[in-house]
Amino acid sequence: MDALWNFVVNRRQQLLTDSYLHVSAVVQSVVIATIIAVAIGILVYRSPIGSAVATAAASTILTIPSFALLGLLIPLLGLGVAPTITALVLYALLPIIRNTIIGLASVNPAVTDAARGVGMNRVGVLTRIELPMAWPSILTGMRVSTQMIMGILAIAAYAKGPGLGNLIFSGLSRVGSPNAVPQALVGTVLIVILALILDGLYVLVGRFTTSRGIRD
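Quantities reported herein were computed from a predicted structural model and do not represent experimental measurements.

Rules used throughout
Residues numbered from 1 in each chain as written. Predicted model: local features only at pLDDT ≥ 70, side-chain atom pairs only at ≥ 80, totals over all residues. Heavy atoms only, no water. Salt bridge = Lys/Arg side-chain N within 4 Å of Asp/Glu carboxyl O. Helix = DSSP H or I, 4+ residues; strand = E, 2+ residues; numbered from the N terminus. Buried < 20%, exposed > 50% of the residue type's maximum accessible area, 1.4 Å probe, protein only. UniProt positions renumbered as here; feature names shortened; annotations may be inferred. Patch = residues over 30% accessible without salt bridge, like charges linked within 9 Å, V, L, I, M, F, W, Y side chains within 5 Å. Areas by Shrake-Rupley, 256 points an atom, 1.4 Å probe, with all protein chains shown as cover. Core = buried A, V, L, I, M, F, W, Y, C linked by side-chain atoms within 4.5 Å. Contact = heavy atoms within 4.5 Å. Phe/Tyr/Trp six-rings, centres within 6.5 Å; stacked < 30°, edge-to-face > 60°. Axes fitted to C-alpha atoms, helices over the stretch in contact; angles between N-to-C directions. Parallel < 35°, antiparallel > 145°, perpendicular 65-115°, else oblique. Left-handed = near helix turned anticlockwise from the far one by under 90°. Nonpolar A, V, L, I, M, F, W, Y, C, P; charged D, E, K, R; others polar.

> Can you tell me about the pattern of salt bridges, naming the residues and giving the values?
Throughout the structure, instances matching the rule amount to four salt bridges. The closest approach of N and O atoms between Arg-46 and Glu-130, which form a salt bridge, is 3.5 Å. On the criterion of sequence distance, the pair formed by Arg-46 in the loop between α2 (12–44) and α3 (48–62) and Glu-130 in helix α7 (residues 122–155) is long-range, its members being 84 residues apart. You can call Arg-46 exposed: its relative accessible area is 51%. Its salt-bridge partner being Asp-199, residue Arg-143 comes within 2.9 Å of it at the nearest N-O pair. Placement of Arg-143 in helix α7 and of Asp-199 in helix α9 (residues 180–209) is noted, with a sequence separation of 56 residues between them. Overall, Arg-143 belongs to the partly exposed group, its relative accessible area being 28%. Here the residues in one salt-bridge network are Arg-46, Arg-122 and Glu-130, joined through shared partners.

Shown next, in the form of structure tokens:
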């Protein structure tokens, strides 16, 4: 425990920087994935075939091992942030696409018919009725994607990506040295802690952005 604590104290600045980069990469990836996934969900949710194709395509991406996907992206995008964010966005798509489709499809038709009856056009119905009612489902997909790619980002150290994965890889490559276990352990524990913090923030976002009628 002394070695672990000494490592944290001596490397606190590096740990703070790596933690910030880790969270930043995850948040950026989820935001990009959400924009793409919600757009896809809006396009296909009325079509059972379109919904099935979109979900299957996103599911296929998840079957590709992260090392393999990064290996495919490195020749195209090089090392560093670009292949890392691209991979994270691709992995984050499925839960958000699926939940967007489910959320939009579950809106009561009577509500949308009533909105059209008072003169609301298609865009108005989508932006003022359907998307707000589907928002809790979309947010749940974002939570799932965030937790999933928090761990995947650690593997992106293979592509010189940002975050705490570099700390873990560095520790594992030095097995036998005094700081090897503290490096790997601290990096792993920090990822878990950051994932829990982000999940808590999602709960707060949901509480403040979901109308009481929908939440209840």
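> How would you explain the UniProt feature "transmembrane region" (unreviewed entry) in the chain if you had to name every residue and give the values?
The residues that UniProt annotates with the feature "transmembrane region" (unreviewed entry) are residues 20–45, 52–70, 76–94, 149–172 and 184–205. This span, residues 52–70, is 84% helix and 0% strand, and a straight line between its end C-alpha atoms measures 26 Å. Between the C-alpha atoms that bound residues 149–172 the distance is 21 Å, and the span itself is 62% helix and 0% strand.

> Tell me about a nonpolar patch on the surface, and name the residues and values.
A surface patch of nonpolar side chains, amounting to about 770 Å² of accessible area, comprises Val-181, Leu-185, Val-189, Ile-193, Ile-197, Leu-201, Leu-204 and Phe-208. Along the chain, Ile-197 falls in helix α9. The class for Ile-197 is partly exposed, based on a relative accessible area of 46%.

> Give a description of the nonpolar core that names residues and reports values.
With 45 residues, the main nonpolar core has Val-26, Ile-97, Met-142, Ile-149 and Met-150 as its most contacted residues. When residues of this core are traced back to their parent elements, those giving at least two are α2, α3, α4 (66–77), α5 (81–105), α7 and α9. The element best represented in this core is α5, accounting for 12 residues. When residues no more than four places from it in sequence are discounted, the contact partners of Met-142 are Val-30, Thr-34, Ile-96, Trp-135 and Tyr-202.

> Help me get a handle on the packing of aromatic side chains, residues and values and all.
Each aromatic ring pair is described using two quantities: the centre-to-centre distance and the angle formed by the ring planes. Across all of its chains, the model carries one aromatic pair by this definition. A ring pair is formed by Phe-67 and Tyr-158, whose centres lie 5.0 Å apart and whose planes are at 75°; its orientation type is edge-to-face. In this pair, Phe-67 sits in helix α4 while Tyr-158 sits in the loop between α7 and α8 (165–173), placing the two residues 91 residues apart along the sequence. Looking at Tyr-158, the relative accessible area reads 41%, which means it is partly exposed.

> I'd like a description of the packing of α7 against α9, backed by residues and values.
Interhelical geometry of α7 versus α9 gives an angle of 170° and a closest axis separation of 10 Å. On the basis of the axis angle, α7 is roughly antiparallel to α9. For α7 against α9, the interelement crossing comes out right-handed. For the pair formed by α7 and α9, the contact residues are Trp-135, Leu-139, Met-142, Arg-143, Thr-146, Gln-147, Met-150 and Ala-154 on the first element and Ile-191, Leu-194, Ala-195, Leu-198, Asp-199, Tyr-202, Val-203, Val-205, Gly-206 and Thr-209 on the second. Partitioned by chemical class, the residues of the contact of α7 with α9 number 12 nonpolar, four polar and two charged.

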